[in-house]
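Understanding the architecture of this molecule
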Amino acid sequence: MAFGAIAAANAQETYLNANLLKPELTGTARYVGMGGAMEALGADISTISSNPAGIGMFRHSTANVSFGVITQQDAPSIDNWNKTHMSFDQAGFVYSMRTGRSSFLNVAFNYTKERDFNLITNPSGSTNGGSQNLVTANKGYNNVFDLDPNTSDITSKSLKFTQLDYLYSNLMNYGVDDDGGYWTYYPMAAYDMRQHQTGYVGRYDFNVSGNINDRVYLGLTIGVHDVHFNSVLDYAELGQNGFDMINTIEENRITGSGFDFKAGIIFRPVEESPFRIGFAVATPTFYDLKINNYTQLNYEIEDAKDNTVVYSDNGYVEYDHDFRLNSPWKFSASIGHTIGNYLALGASYEYAHYGRTDTRYIDGYDYYGYATTTSDYQMNHHTENTLQAVSTLKLGAEMKPEDNLAVRLGFNYVSPMYKDNAVKDGDVNSVGNALTGTAFTNWDATYRITAGVGYRFDRFNVDLAYQYSTTDGTFSPYFDWNDKKYPNAPQTCKVSDKRHQLMMTLGYTF
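Reading the values: rules and limits
- Residues numbered from 1 in each chain as written.
- Predicted model: local features only at pLDDT ≥ 70, side-chain atom pairs only at ≥ 80, totals over all residues.
- Heavy atoms only, no water.
- Helix = DSSP H or I, 4+ residues; strand = E, 2+ residues; numbered from the N terminus.
- Rg over C-alpha atoms; globule rule 2.2 N^0.38 Å.
- Buried < 20%, exposed > 50% of the residue type's maximum accessible area, 1.4 Å probe, protein only.
- Contact = heavy atoms within 4.5 Å.
- Patch = residues over 30% accessible without salt bridge, like charges linked within 9 Å, V, L, I, M, F, W, Y side chains within 5 Å.
- Areas by Shrake-Rupley, 256 points an atom, 1.4 Å probe, with all protein chains shown as cover.
- Salt bridge = Lys/Arg side-chain N within 4 Å of Asp/Glu carboxyl O.
- Arc of directions from axis to C-beta.
- Pairing = 2+ DSSP bridges.
- Phe/Tyr/Trp six-rings, centres within 6.5 Å; stacked < 30°, edge-to-face > 60°.
- Core = buried A, V, L, I, M, F, W, Y, C linked by side-chain atoms within 4.5 Å.

Right, let's get into the overall build of the protein. In terms of helices and strands, the protein carries 6 helices and 24 strands. Scaling as 2.2 N^0.38, a compact globule of 510 residues should have a C-alpha radius of gyration of about 24 Å, and the protein matches this with 26 Å. Once the C-alpha set of the protein is aligned to its principal axes, its extents read approximately 95 × 55 × 35 Å. Scored against the burial criterion, the 510 residues of the protein give a buried share of 54%. For the protein, the share of sequence-separated contacts (at least 6 apart) that also reach a separation of at least 24 residues comes to 73%.

On to a nonpolar patch on the surface. Side chains of F93, Y95, Y455, F457, F460, Y508 and F510 sit close together on the surface and give an oily, nonpolar patch of about 690 Å² of accessible area. Those elements that place two or more of their residues in the nonpolar patch are β2 (84–98) and β22 (440–457). Mapping F93 onto the fold places it in strand β2.

As a further point, take helix α6 (residues 377–386). Those residues of α6 that sit buried are M379, N380, H382, T383 and T386. The buried residues of α6 occupy an angular sector of 155° when the element is viewed end-on, so they sit on one face. Looking at the buried residues of α6, the elements they touch are α1 (14–21), β18 (358–365) and β19 (371–375).

Sheet topology places strand β10 (residues 188–212) next to strand β11 (residues 216–239); 24 bridges connect them, and they run antiparallel. Its bridge partner lying in β11, Y191 is registered against E237. Remark: 3 residues form the turn of the hairpin made by β10 and β11, two consecutive strands paired antiparallel; N213 in that turn has positive phi of roughly 55°. For β11 and strand β12 (residues 245–267), the ladder comprises 23 bridges, and the chain directions are antiparallel. Note on β12: the bridge partner recorded for S231 is N252.

According to the stated counting rule, one finds 20 aromatic pairs in the structure shown. Where F88 meets Y111, the ring centres are 6.0 Å apart and the plane angle is 15°; that geometry is what we call stacked. Note that F88 is positioned in strand β2 and Y111 in strand β3 (residues 104–116), a separation of 23 residues in sequence. Its relative accessible area of 11% is what places Y111 among the buried residues. For the pair F117 and F229, a centre-to-centre distance of 5.0 Å together with 85° between the ring planes defines the contact as edge-to-face. You can see F117 sitting in the loop between β3 and β4 (119–121) and its partner F229 sitting in strand β11, a full 112 residues away along the chain. Residue F117 is classed as buried on the basis of its relative accessible area of 1%. Judged by its relative accessible area of 1%, F229 falls in the buried class. An aromatic cluster is present here, built from Y455, F457, F460, Y508 and F510 joined pairwise through their rings.

Both strand β8 (residues 174–177) and strand β9 (residues 180–183) contribute to a ladder of 4 bridges, which runs antiparallel. Bridging across to β9, Y174 finds its partner in W183. In this antiparallel pair of consecutive strands, β8 and β9, the connection spans 2 residues.

Before going further, it helps to spend a moment on the nonpolar core. In terms of nonpolar packing, the biggest core is built from 38 residues, with L20, I254, L289 and Y418 touching the most fellow members. A per-element tally of this core places α1 first, with 5 residues. Contacts of L289, omitting those with residues within four sequence positions, involve L20, V227, I254, T255, G256, S257, H321, D322, F323 and L325. Within the second largest apolar cluster, 16 residues are counted, among which are F145, M172, Y186 and M188.

All right, on to the environment of T255 then. Along the chain, T255 falls in strand β12. Under the relative-accessibility criterion, T255 is labelled buried at 17%. Taking the C-alpha atoms as reference, T255 lies 8.9 Å from N230; in sequence the two are 25 residues apart. Setting aside residues up to four positions removed in sequence, T255 forms contacts with V227, H228, D288, L289 and K290.

This is how it looks when you write it as structure tokens:
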């Protein structure tokens, strides 16, 4: 039994949105080597996004290009999924123009890969007698579906109806006998999921900045974001008799673009001191996105006595649609200090409340053909209950034992984005529930340790950096509010995202 494309909603779901917005440490090897704590120190092209005023500290024009390799520690070996990949991280330039004895006007452009989605996970555990299809059956018990009299297909009469519900209800969970229609479910014993994410978000920043008498530095950046996200998820459940099997395969692809504005200021409060204070603010990134989805359900129910197949079927659904997403505002404060020409110290703090992410659906088109949108209040309420404010602390130091040689160290702490009681709730009355998957991961805090070295000769510079990033999470295959006492709640599983990154930046000053 197969199904083609069915009607889809025009919004999206909290956990998938959060995956797009998760902050990372990216930029030049110097910026990464110092843990990104350069928002007040400036004079590095990567501050074009974190504090645009940092570009105003350049006294000479410069160009940089950065690349490297990233590998996932402890990634499971699955098929031909690679845990190591090359990465093109950054390319840009600053053009510096003197406007006075101690003043400059600078313009800059920089490309940065701000988000790397590559991740392989393989969580598994017990379903405790429940099943993913029990989530659908419980919705059926609560009268979420209608029976189409013309096609005998189960159709939606609620925004809680998902693509996966459509497959389960029409293939497994709904039957007809002499007494009419009835709902049932198949208890399972264990689950095993394999997921591979790939892709990136590229950011293109355009900056105008300058300084006033070498005391006050101002900058403005316009950013354009380019999204490419791919996910393949293979989820399987094994029956309590050791023979029954249910398998769902989900493929998601998200593409699109967005834009934002960033402004910053750096100043030296004491004229005779190099100590600096910086502040920056970034507007929401206004995303225009498209999701393409394919989901397939296969199952076999066998007779435990003679291992013969009693029931088996398969089906699929696919859809694509556009939606809008606005990230939260970001605010940062930073300090920086230099001692002679041999030591630089920096510290930065960034704040963003991801519970205020605005998911929007397209509700029509205006006279000129442009989409009009409305906030998905039900899904935004779920986001507010799921995500929280995130604080990022960056610390960094650069020491020069010789004029042409620099050694760098850095540290980051990023607080958890997810609340302790966060769940992926398929019972939200939102068009965002078109998303099929029930699995979700609540990621904890992120810790980063960085180190680097740089060497300058004549007008050229070469910088190397190493970054180790670690984040632990708790995986759940599904959650069901309808099962009030949770006797069939599945076993959660610990997962991790541990990455090693080695990168190089080549630069030229002119």
